[in-house]
Amino acid sequence: MSQRGDIGLPAGRGRNGIQARAPNRLPGRRWLIGTALAVLIALAYLWAGYGLAPRLIRSEATRWASRHAGLALGLGPIKVDPFHFTVSIRDIRLSEHGRPLASLSRLFIGISPLSLFGPGYRLTALELDQPVVHVVISPAGRVNLAALLASSGHSSGPAPALRIDDFRIDQGELTFVDHGHHPAARATFAPITFRLVNFRTRSRSDGRFALRAESDGANLVWQGRVSMSPIASRGSVSLSGLEAGTLAQFLPPGLPIGLSAGQVSLSAQYAARYGAKGLTAHLSGLDFAATGLGLRGKSIPGRVRIAGIEANCGQLRYASGTPATGSLPALTLRGLRLTGTGRASGQTLSLARLIVKGASFDEGQRRLAVSSLALAGLQLPVRRSKNGRISLMRFLPPLTPGGTPAVAGPSRSHPARWRFQLGRLAITHAVAPIEDGEVSPPARFAITLHSVTATSLSDDLERPVPFSVRASVGRAYLALDGRLTPASRDAAVWLSLAHLSLRTFTPYLPLARSVKTYRPPRRRSHTSRSPAR
């Protein structure tokens, strides 16, 4: 039996003449190719993130600053993390013609990956460390940051929505110089620490926007319209629950008083525009309120507590190169108390209520006008020591050797003095307890001002002022009416005094110190008539 082989069979055919299949290696090759492509893409992504992105950021940022804003931008080390979608830039410096505009120690930006698929932008974090901003206004009203603001350009389409989950400013500094004043007004605000969470803008196609934000318990609502060519915005702003401690760090250090406690709220309608003629702004419907306000004196030795302030500021207009004007229809202050410290320790002053109505000012005419000023519930204790010093004078600055109050800082001259008008002044329910230790025996009594009114008050001292006083000292009652000319001190007075006890004023009458006062007994009637009832 011979062995049968496959010799002589056609190539590619088997023993039964069926086509034989070669082994399939294609799936393995595809896997290798896919893996290689993935590795290449990953390497390209890493190179783009760690190597290319920092270079693009540096070149595009400096090119934008020089071409669109005419500014010089310097950037330190730039780090991009393509896995966490973060960007960190250090040592940012912005200048104009060699003059510094702003600087930043570190800028950190966290980007949400969802921004790649949505119509808006979302930043998970935006952190600014040690930012310094220099704001300078020229005598013509030009702001040095105008080129930076105008460089954003103008787009016919709606601006994309922006959301910032956490915005932080740490150890910031703001310097402000206004050469429109002579000498130039200067102020520095530092350090500035700020945090803003859930910052959102929601823009619409017609240019309207809405902003809602929270920061340290304060709520900010800003709605309006904005355009970049020209730079203009109009709308409404409402801020509530702002702590006085947060506001205090934005106030210049040269103020005579500082905020220590309380909450502030305000709301207003506004319209602002910046163009070739400078800045124009208009505020209307400005409402201001403060509760539990605490003030501490810097040049005044005392602490002030105010229970509440409500003000309707009416309108305020400002335009570069033109004088500002404004009005204050109503202001109410409640529960003021001044407590002396230091050299004024032990001296107090309190006021239940102060009301101002119909106030207005005009910077061009240098005029201040007030329709009425009313004070109620004034408590003013006054003590005079044996050496003649009056306790209230302790609140004033100490006198210099020349006899004038010591005031810090150089004196400033004004081109023209302000003129003022006060239609009506009213003081009601005021009490001044007097303790005079300079006389012997010491005098103690209280002066009660039931009502004091004066009309037609102004800086014109030649103009007679009608006045009326109703007061009492113990059982004594005083009524005083007349007209007083401040310049000449001439007065035409009608006086009525009743039930005055000389015993109260004996220490002030040298001849009366040896005279004893007494109440004479009533004489008995010796007639047969019955006494009158």
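Residues numbered from 1 in each chain as written. Predicted model: local features only at pLDDT ≥ 70, side-chain atom pairs only at ≥ 80, totals over all residues. Heavy atoms only, no water.

Chemist: I keep staring at the overall build of the protein and nothing clicks. Help me out?
Modeler: Within the protein, the secondary structure is distributed over three helices and 24 strands. Within the protein, the fraction of its 533 residues that count as buried is 27%. Excluding contacts between residues fewer than 6 apart, the proportion of contacts in the protein whose partners are at least 24 apart in sequence is 50%. For the protein, the exposed area adds up to about 35300 Å²; of that, 60% sits on carbon and sulfur atoms. (Helix = DSSP H or I, 4+ residues; strand = E, 2+ residues; numbered from the N terminus. Buried < 20%, exposed > 50% of the residue type's maximum accessible area, 1.4 Å probe, protein only. Contact = heavy atoms within 4.5 Å. Areas by Shrake-Rupley, 256 points an atom, 1.4 Å probe, with all protein chains shown as cover.)

Chemist: Can you walk me through the pattern of salt bridges in this structure?
Modeler: Pairing of side chains with opposite charge becomes possible as their charged atoms draw close. Taken as a whole and judged by the stated rule, the model has 14 salt bridges. With a closest N to O distance of 3.2 Å, Arg168 and Asp166 form a salt bridge. Measuring nitrogen to oxygen at the nearest pair gives 2.8 Å for the salt bridge that ties Asp459 to Arg417. In this pair, Asp459 is assigned in the loop between strand S21 (443–458) and strand S22 (465–473) and Arg417 in the loop between strand S19 (382–384) and strand S20 (419–436), connecting sequence segments 42 residues apart. Given a relative accessible area of 55%, Arg417 falls into the exposed group. Salt bridges sharing common partners tie together Arg106, Glu127 and Asp129. (Salt bridge = Lys/Arg side-chain N within 4 Å of Asp/Glu carboxyl O.)

Chemist: Looking at this model, I keep getting lost on the environment of Leu46. Mind explaining?
Modeler: By secondary structure assignment, the location of Leu46 is in helix H1 (residues 26–68). Using a relative accessible area of 26% as the deciding quantity, one classes Leu46 as partly exposed. With 35 residues separating them in the primary sequence, Leu46 and Asp81 have C-alpha atoms 8.9 Å apart. Not counting residues within four places of it along the chain, the set of residues in contact with Leu46 comprises Gly51, Pro82 and Phe83.

Chemist: Which parts of the structure should I look at to understand unusual backbone geometry?
Modeler: Trans peptide bonds make up the majority, and among non-glycine residues the majority have a negative phi. With an omega dihedral of -5 degrees, the bond running from Ser440 to Pro441 counts as a cis peptide bond. Not every positive phi belongs to a glycine, and Gln130 is a case in point at roughly 50 degrees. Here Gln130 shows up in the loop between strand S5 (121–129) and strand S6 (132–137). Of note in the backbone geometry, His429 takes a positive phi value of approximately 50 degrees without being a glycine. Its location among the elements puts His429 in strand S20. Judged by its relative accessible area of 59%, His429 is exposed.

Chemist: Would you mind showing me how to read the side chain of Asp436 here?
Modeler: Relative to the assigned elements, Asp436 resides in strand S20. Its relative accessible area of 5% is what places Asp436 among the buried residues. Engagement of the side chain of Asp436 in a polar contact is seen with the side chain of Arg384, the distance being 2.6 Å. Apart from residues no more than four positions distant in its own chain, Asp436 is found in contact with Arg384, Pro442, Ala443 and Tyr508. (Polar contact = N/O pair within 3.5 Å; in protein donor to acceptor, adjacent residues only side chain to side chain.)

Everything listed is a geometric property; what it means functionally is a separate question.
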